[in-house]
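# Structural characterization, general
Chain residues, written in single-letter form:
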Amino acid sequence: MLSALILVPLFTALVVGFLPTNLMVKGARKVTLIVTSGLFIWSLVLLAQFNPSEINLQFQEQLSWIESIGLTYSLGIDGLSMPLLVLNGLLTAMAVYCSDEELERPRFYYTLILLLNAGVAGAFLAQDLLLFFLFYELELIPLYLLIAIWGGKRRGYAATKFLLYTAVSGALVLAVFLGLVFLSGANSFAYSTVQNLASLLPVARQLVLLGGILIAFGIKIPLVPFHTWLPDAHVEASTPISMLLAGVLLKLGTYGLLRFGLGLFPEAWTVVAPWLAIWAVVSVLYGAFNAIAQRDMKKMVAFSSVAHMGYILLAAAAGTSISLVAAVMQMVSHGLISALLFFLVGVVYKKTGSRDLEVLNGLLNRERGLPLIGSFMVLAVMASAGIPGMVGFISEFLVFRGSFPAFPVQTLLCMIGTVLTAVYFLILLDRTFFGRLSAQVIHLPRVYWRERIPAIVLAVLIVIFGIQPGWLVRLSETTTATMVTNSPTIALGK
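Okay, so let's go over this structure. (Residues numbered from 1 in each chain as written. Predicted model: local features only at pLDDT ≥ 70, side-chain atom pairs only at ≥ 80, totals over all residues. Heavy atoms only, no water.)

## Remarks on the overall build of the chain
What counts is decided by this rule: By definition, any uninterrupted DSSP run of H or I lasting at least four residues is a helix, any uninterrupted run of E lasting at least two residues is a strand, and each is numbered from the N terminus. All radius of gyration figures rest on C-alpha atoms, and the globule criterion is 2.2 Å times the number of residues raised to 0.38. Burial here depends on accessible area, computed with a 1.4 Å probe over protein chains only, as a share of the maximum for the residue type. Under 20% is buried, over 50% is exposed, and the range in between is partly exposed. Contact criterion: two residues are considered in contact whenever any of their non-hydrogen atoms come within 4.5 Å of each other. Computed with a 1.4 Å probe, the accessible areas rest on the Shrake-Rupley method; for each residue, only the protein chains presented here act as cover.
From N to C terminus, the chain includes 22 helices and two strands. Taken over C-alpha atoms, the radius of gyration comes to 22 Å for the chain, in line with the 23 Å a tight globule of 494 residues would show. Each of the three principal axes of the chain carries a C-alpha extent, and together these read 70 × 60 × 40 Å. A total of 494 residues make up the chain; the buried ones form 62% of that total. Partitioning the intrachain contacts of the chain with sequence separation of at least 6 by distance along the chain shows that 80% fall at a separation of at least 24. Accessible area for the chain stands at about 18600 Å²; split by element, carbon and sulfur atoms hold 66% of it.

## Quick look at the pairing of strand β1 (residues 58–66)
Under the convention used in this document: Whether two strands pair depends on DSSP finding at least two bridges between them.
Across six bridges, β1 lies against strand β2 (residues 71–77) in antiparallel orientation. Counted as the bridge partner of Q58 is I77 from β2. Between β1 and the antiparallel strand that follows it, β2, lie four residues; G70 among them carries a positive phi value of about 75°.

## Concerning the nonpolar core
Test applied: Definition used in this section: a nonpolar core is a set of buried Ala, Val, Leu, Ile, Met, Phe, Trp, Tyr and Cys residues joined via side-chain atoms within 4.5 Å.
Core analysis: the largest hydrophobic core is formed by 181 residues, its most contacted members being F132 and M377. Excluding anything up to four places from it in sequence, F132 contacts A123, A126, V173, F177, F217, Y255 and F260.

## Observations regarding a nonpolar patch on the surface
What counts, and what does not: Each patch is built from salt-bridge-free residues with over 30% relative accessible area, joining like charges within 9 Å and nonpolar side chains (Val, Leu, Ile, Met, Phe, Trp, Tyr) within 5 Å. Take a side-chain nitrogen of Lys or Arg and a carboxyl oxygen of Asp or Glu: if they are within 4 Å of each other, that pair is a salt bridge.
Together, W65, I66, I69 and L134 make up an exposed nonpolar region whose accessible area comes to about 370 Å². You can see I66 is positioned in strand β1. Given the relative accessible area of 34%, I66 is considered partly exposed.

## Some thoughts on the environment of V332
Among the structural elements, V332 can be located in helix α16 (residues 321–352). Of the residues examined, V332 reaches a relative accessible area of 6% and is grouped as buried. Separated by 250 residues in sequence, V332 and M82 have C-alpha atoms that sit 11 Å apart. In contact with V332, not counting residues within four places along its chain, are P83, L87 and L472.

## Notes on the packing of helix α12 (residues 239–249) against helix α13 (residues 251–262)
Stated precisely, the cut-off is as follows: Convention adopted: a line fitted to C-alpha atoms gives each axis, helices being fitted over their contacting stretch, and angles between N-to-C directions are expressed from 0 to 180 degrees. For this classification, under 35 degrees means roughly parallel, over 145 means roughly antiparallel, 65 to 115 means roughly perpendicular, and everything else is oblique. Residue classes follow a fixed rule: Ala, Val, Leu, Ile, Met, Phe, Trp, Tyr, Cys and Pro count as nonpolar, while Asp, Glu, Lys and Arg count as charged, and any other residue, Gly among them, counts as polar.
With their axes 6 Å apart at the nearest point, α12 and α13 run at an angle of 10° to one another. Judged on the interaxial angle alone, α13 and α12 are roughly parallel. For the pair α12 and α13, contact is made by A246, G247, V248 and L249 and by K251, L252 and G253, respectively. Among the residues making up the contact of α12 with α13, the classes are represented as four nonpolar, two polar and one charged.

## Digging into the environment of A293
For A293, the location among the structural elements is in the loop between α14 (266–292) and α15 (297–318). Overall, the relative accessible area of 60% leaves A293 in the exposed class. Sequence separation between A293 and M82 is 211 residues; the distance between their C-alpha atoms is 37 Å.

## Re the pairing of β2
Counting buried residues in β2 gives seven out of seven residues, a clear majority hidden from the surface. On β2, burial covers both faces: L71, Y73, L75 and I77 on one face and T72, S74 and G76 on the other are all buried.

## Some points on the pattern of salt bridges
Counted according to the given criterion, the structure contains ten salt bridges. Here E451 and K351 are joined by a salt bridge, their closest N and O atoms 3.2 Å apart. Highlighted residues: E451 in helix α20 (residues 449–467) and K351 in helix α16, separated in sequence by 100 residues. When the shortest N-O distance is used, the salt bridge between E358 and R431 registers 3.1 Å. Placement of the pair is E358 in the loop between α16 and α17 (371–384) and R431 in helix α19 (residues 408–432), with a sequence separation of 73 residues. With a relative accessible area of 33%, R431 lands in the partly exposed category.

Given below as structure tokens:
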């Protein structure tokens with residue numbers, strides 16, 4: 001069942017990439033959209049059969065692969081990965097739908113999208129350390145090429161910077177996994193085996209290995225000071241790729257932090273947790289202040305991602321049952337909200353030819369502006385700023401509620417970030433959508449209904465999960481509670 005989420009996009013990538021040109025040039029988009037939509041539906045089928053109260057992994061698949069190095073093809077899913085798997089399916093299908101029908105080299109483009117989808121799904125499903133690394137690296141080259149070929153004017157620089165940073169991240173992940181297996185004496189890379197042996201290592205060795213994990217996934221998330229690749233990548237990437245990058249790919253870092261940081265080294269995690277909370281404060285405030293200083297709408301949203309990823313680190317550092325549930329919710333919440341923000345910025349850029357806050361103005365004009373897009377932007381901004389009734393509010397509230405008992409000062413400082421979020425997004429709304437329509441952007445093209453569908457879907461989900469967050473909480477609360485029970489967390493340590 002789980003293998004379909006990996007093998008189907010890989011097989012489709014071969015079909016799209018290697019079938020005769022006259023068959024696939026015009027059909028590549030349709031085939032990819034049908035397949036990615038089917039994969040999303042299949043993830044919903046798995047979700048319907050998923051038992052949230054089950055402690056153990058579900059839908060497990062295991063096959064001995066390369067016995068000489070201890071590599072097994074082992075897949076499984078729990079409350080930590082299930083929501084992210086569905087999010088990957090949704091946003092991949094949406095990215096394909098949003099892609100330009102007239103783009104150049106469509107076969108290659110959609111082949112890369114499918115490889116990206118397979119890599120991310122495999123990383124969320126892998127229950128073998130080496131297998132996770134293989135999938136973690138699989139998404140690297142497709143994303144690099146998607147930025148380098150279909151990006152903006154400085155796409156080469158942005159793509160190369162992304163490649164270098166994430167290559168270092170992957171090298172650190174592999175080094176830590178190899179070191180862990182060597183030091184623990186494990187005879188395989190199976191997660192369950194290594195997890196039991198890792199807890200027996202001296203704390204000093206755990207701290208060294210955990211340090212590598214923190215830097216590796218800190219680059220991927222990204223956290224300050226490893227964040228500098230992200231704004232450049234977002235600015236130069238096309239709208240669908242920015243949606244995937246912010247909505248799904250950054251979650252590989254936060255997922256890895258919980259699964260392989262807290263999950264493998266709970267004792268060392270307790271030692272470094274206060275420093276992680278300080279790191280979270282730095283990322284939240286630095287990202288927010290940088291967002292305030294931006295003139296480019298897309299760069300502002302990119303820096304807001306840096307800030308909001310800091311909330312997940314704070315929740316993970318606290319390690320309480322509430323904060324870990326909140327960390328998963330914040331991943332899903334940020335995925336939906338950031339995808340909506342980047343989509344709306346993309347529509348504004350497509351219709352006006354600019355993302356500059358000093359150029360745009362009055363786009364809420366009912367007759368000659370983009371009133372519906374402006375209305376969706378108001379909703380997205382409210383969700384990101386944590387207004388009640390939106391999924392952003394409940395996820396951030398749970399982060400602060402779960403983290404305050406462990407780190408009251410750091411939590412209060414991170415709460416300032418929510419105020420700053422309102423500040424920079426109000427600046428965006430005021431300069432871009434309110435006031436008199438700018439002379440430079442008159443006679444705007446019409447926004448057709450097919451262009452509005454992604455915004456409608458994301459907005460509905462943001463509101464639904466804001467009103468009924470229990471649907472998300474139930475998915476992960478058993479898994480996160482088990483992580484707390486098995487770990488000497490900060491809260492229990494007190």
